[in-house]
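Here is what each chain is made of, one letter per residue.
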Amino acid sequence: GATLGVMGGGQLGRMFVHAAQSMGYRTAVLDADATSPAGLVSHEHIRTAYLDAAGLTELARVADAITTEFENVPAAALEQLAQTRPVAPAGASVAICQDRAREKAHFVGCGVDCAPHAIIETPEQLAAVTDDLLPGILKTSRMGYDGKGQVRVKTRAELIAAWDDLQRVGCVLEKMLPLAYEVSVIVARGRDGQIVHFPLQQNLHRDGILAVTTVPAPNVTEAVSQQACASAHQIAASMDYVGVLCTEFFVLADGRIVANEMAPRPHNSGHHTIDACDVSQFELQVRAMTGLPLVAPVLHSPCLMLNLLGDLWFPGGVTVQQEPDWAAVLALSGTHLHLYGKAEARAGRKMGHLTVTGATPQAARATALQAAAILGIAPF
Ligand code: ATP
Ligand code: MG
Ligand code: MG
């Protein structure tokens, strides 16, 4: 049988490996970490850095098609692999998503609104920032995730100090917007240009980290849904994207939709698709990269997804890690537990997720609140 390769060994890679294996593929993971969640479950695990020449040669040798689960994998590594193997998404697409300045330029080029912003790479650009961008959020252009590499600034003095704190690397200053709520749209696009999408996810973030995803999105109107989906399609098509792509949107108090950022891979806000849809985002990644047909996914159960962060392993601030009471959670009907096989819990670390399905949105929500109470997750 064919072997599918994935750059990166995190939980997204692990769930991709599960999907690939259940469809009969062998898998190869490239990740330097010997205990990476995906490496632990893959047929092959190449343990080198992303740009290691021997590692890339070995991945291209064993894999018939290659994808990435890590948005910051060097685009050059994907381009090198693409010389001998089909690679999806392409390095050129990933390069846009890796850089907030290029990402915003792409949104604007697609006619999709994004937050008013300024690029800050030099002291002159910092000095030229206009007051209408404050209060704002200073974000490093590259490598940030889960709210890391971001500083909220109210005044010009705070902005100047924040850029120093971020080591004066390339940043984007975004105006702080009055968010009514946040949504994301996951699309899958094939090499032939066929494109399908999942129903909108509504996302609650806490401390910059996704906490809860609800589908169907409770606050979304038909107009918001249509506009967000059309924008997500346009964003993917206009970079000739192949694979699964997630775009995050802010919905403002006045109903306007603003694109926040995109991820060139399956996304945390799509984990519910494993248990609540007839085809998961990971299966669609397999289908897109191998040229299998894409089908429009159907949500068969209303659901909520709760992220299980490492904090839950230290209830009341205890210093010794202890496993949450899974049995009590699994006694509730409609709970689907996913743990990523990470041995060490740390505050803010994504250890797993719980998807709760129900016959109705109200039933799913009631069960999710019960599960949250058991686990020590604040109500939502
Ligand atoms: P991810 O883990 O999703 O990649 P990230 O570190 O790249 O996160 P962002 O998505 O840019 O960070 O921001 C994290 C969260 O901070 C957003 O989901 C939103 O709640 C809030 N936020 C970001 N930018 C703005 C803004 N311009 N105005 C208001 N809130 C914002
Ligand atoms: Mg991000
Ligand atoms: Mg984000």
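Since this is a predicted model, take the numbers as computed values, not measurements. (Residues numbered from 1 in each chain as written. Chains lettered and ligands numbered in written order. Predicted model: local features only at pLDDT ≥ 70, side-chain atom pairs only at ≥ 80, totals over all residues.)

What to know about the overall build of the protein chain
Note the threshold: Only DSSP runs of H or I with at least four residues qualify as helices, and only runs of E with at least two residues qualify as strands; both kinds are numbered from the N terminus onward. It is over C-alpha atoms that the radius of gyration is taken, and the globule rule equals 2.2 Å times the number of residues to the power 0.38. Contacts here follow a simple rule: the backbone-placed C-beta atoms of the two residues must lie within 7 Å.
When you go through the protein chain residue by residue, the secondary structure sums to 12 helices and 17 strands. For 380 residues, the compact-globule estimate of 2.2 N^0.38 gives 21 Å, and the C-alpha radius of gyration of the protein chain, at 20 Å, lies within 12% of that figure. The long-range share in the protein chain, meaning contacts at least 24 apart out of those at least 6 apart in sequence, stands at 62%.

Description of the site of ligand 1
To be explicit about the condition: Each residue receives a C-beta atom placed from its backbone. It is near a molecule or strand if this atom lies within 6 Å of it. Polar here means any residue outside two lists: the nonpolar Ala, Val, Leu, Ile, Met, Phe, Trp, Tyr, Cys and Pro, and the charged Asp, Glu, Lys and Arg; Gly therefore counts as polar. Where a domain begins and ends is set by an automatic assignment or by a domain database.
Neighbouring ligand 1 are 18 residues, the closest being Ala115, Tyr145, Glu174, Leu177 and His205. Mapped by element, the contributors of at least two residues to the shell around ligand 1 are strand 6 (136–140), strand 9 (179–189) and strand 14 (257–263). The residue inventory of the shell around ligand 1, partitioned by class, reads six nonpolar, five polar and seven charged. Residues from two domains meet in the shell around ligand 1; each of domain 2 (116–175) and domain 3 (179–375) gives at least three.

Side note on the nonpolar core
Our working definition: In plain words, the nonpolar core is the set of buried Ala, Val, Leu, Ile, Met, Phe, Trp, Tyr and Cys residues that C-beta atoms within 7 Å link up. Exposed residues have 12 or fewer other C-beta atoms within 10 Å of their own C-beta, buried residues have 20 or more, and residues in between are partly exposed; the C-beta atoms are placed from the backbone.
Ranked by internal contacts, the top residues of the largest apolar core, which has 88 residues, are Leu4, Phe16, Leu59, Leu304 and Leu306. Viewed by domain, this core spans two of them, domain 1 (3–87) and domain 3 (179–375), each represented by three or more residues. Residues contacting Leu4, with those up to four places away along its chain left out, are Ala20, Tyr25, Thr27, Ala63, Ala65, Val286 and Met289. Among the nonpolar cores identified, the runner-up in size contains 10 residues, and Ile120, Trp163, Cys171 and Val172 belong to it.

Thoughts on unusual backbone geometry
Trans is the common state for peptide bonds, and a negative phi is the common state for residues other than glycine. Each neighbour pair has its own omega, and for Ala88 with Pro89 the value is 0 degrees, a cis peptide bond. Structurally, Pro89 is set in the loop between helix 3 (75–81) and helix 4 (91–97). Here the phi dihedral of Arg168 falls at roughly 55 degrees; this positive angle occurs in a residue that is not glycine. Locating Arg168 in the fold gives a position in the loop between helix 7 (156–165) and strand 8 (171–175). What makes Arg168 partly exposed here is the crowd of 13 C-beta atoms within 10 Å.

Some remarks on the environment of Phe282
Its location among the elements puts Phe282 in helix 10 (residues 281–290). Owing to 26 C-beta atoms within 10 Å, Phe282 belongs among the buried residues under this scheme. In sequence terms Phe282 and His267 are 15 residues apart; their C-alpha atoms lie 9.4 Å from each other. The residues touching Phe282, leaving out its near neighbours within four places in the chain, are Met15, Phe16, His18, Ala19 and Pro266.

Some remarks on the domain arrangement of the protein chain
Assigned domains of the protein chain: these are domain 1 (3–87), domain 2 (116–175) and domain 3 (179–375). Look at where the C-alpha atoms of domain 1 and domain 2 centre, and you get two points 34 Å apart.

A word on the sheet that holds strand 7 (residues 150–153)
How we decide: Being paired, for any two strands, means DSSP has found at least two bridges between them. Every axis in this analysis is a line fitted to C-alpha atoms, fitted for helices over the stretch in contact. Angles between the N-to-C directions lie between 0 and 180 degrees.
Reading across the sheet, the four strands line up as 5-8-6-7 and stay open at both edges, with antiparallel pairing between neighbours. Strands with a single pairing partner mark the edges of an open sheet, and in this sheet they are strand 5 (117–120) and strand 7. Ignoring which end each strand starts from, the neighbouring axes of this sheet average 20 degrees apart. Judged from the five bridges that link them, strand 6 and strand 8 form a sheet pairing that is antiparallel.

Focus: the pairing of strand 13 (residues 243–252)
Taken across its 10 residues, strand 13 has eight buried, putting it largely inside the fold. As defined by bridge partners, strand 9 adjoins strand 13 across 10 bridges and the pair is classed as antiparallel. Along strand 13, the bridge assignment pairs Ile186 with Cys246. The hairpin turn running from strand 13 into strand 14, its antiparallel successor, is four residues long, and Gly255 in that turn takes a positive phi close to 90 degrees.

Digging into the sheet that holds strand 3 (residues 44–46)
As a general point, the strands of a sheet are linked pairwise by backbone hydrogen bonds and lie either parallel or antiparallel. Taking strand neighbours across the sheet as the criterion, the four strands line up as 3-2-1-4 in an open arrangement whose pairing is parallel. Either end of the sheet is taken by a strand with one partner, and the two such strands are strand 3 and strand 4 (65–68). In this sheet, adjacent strand axes meet at a mean angle of 20 degrees when their direction is disregarded. The pairing of strand 1 (residues 3–7) with strand 4 spans four bridges and is classified as parallel.

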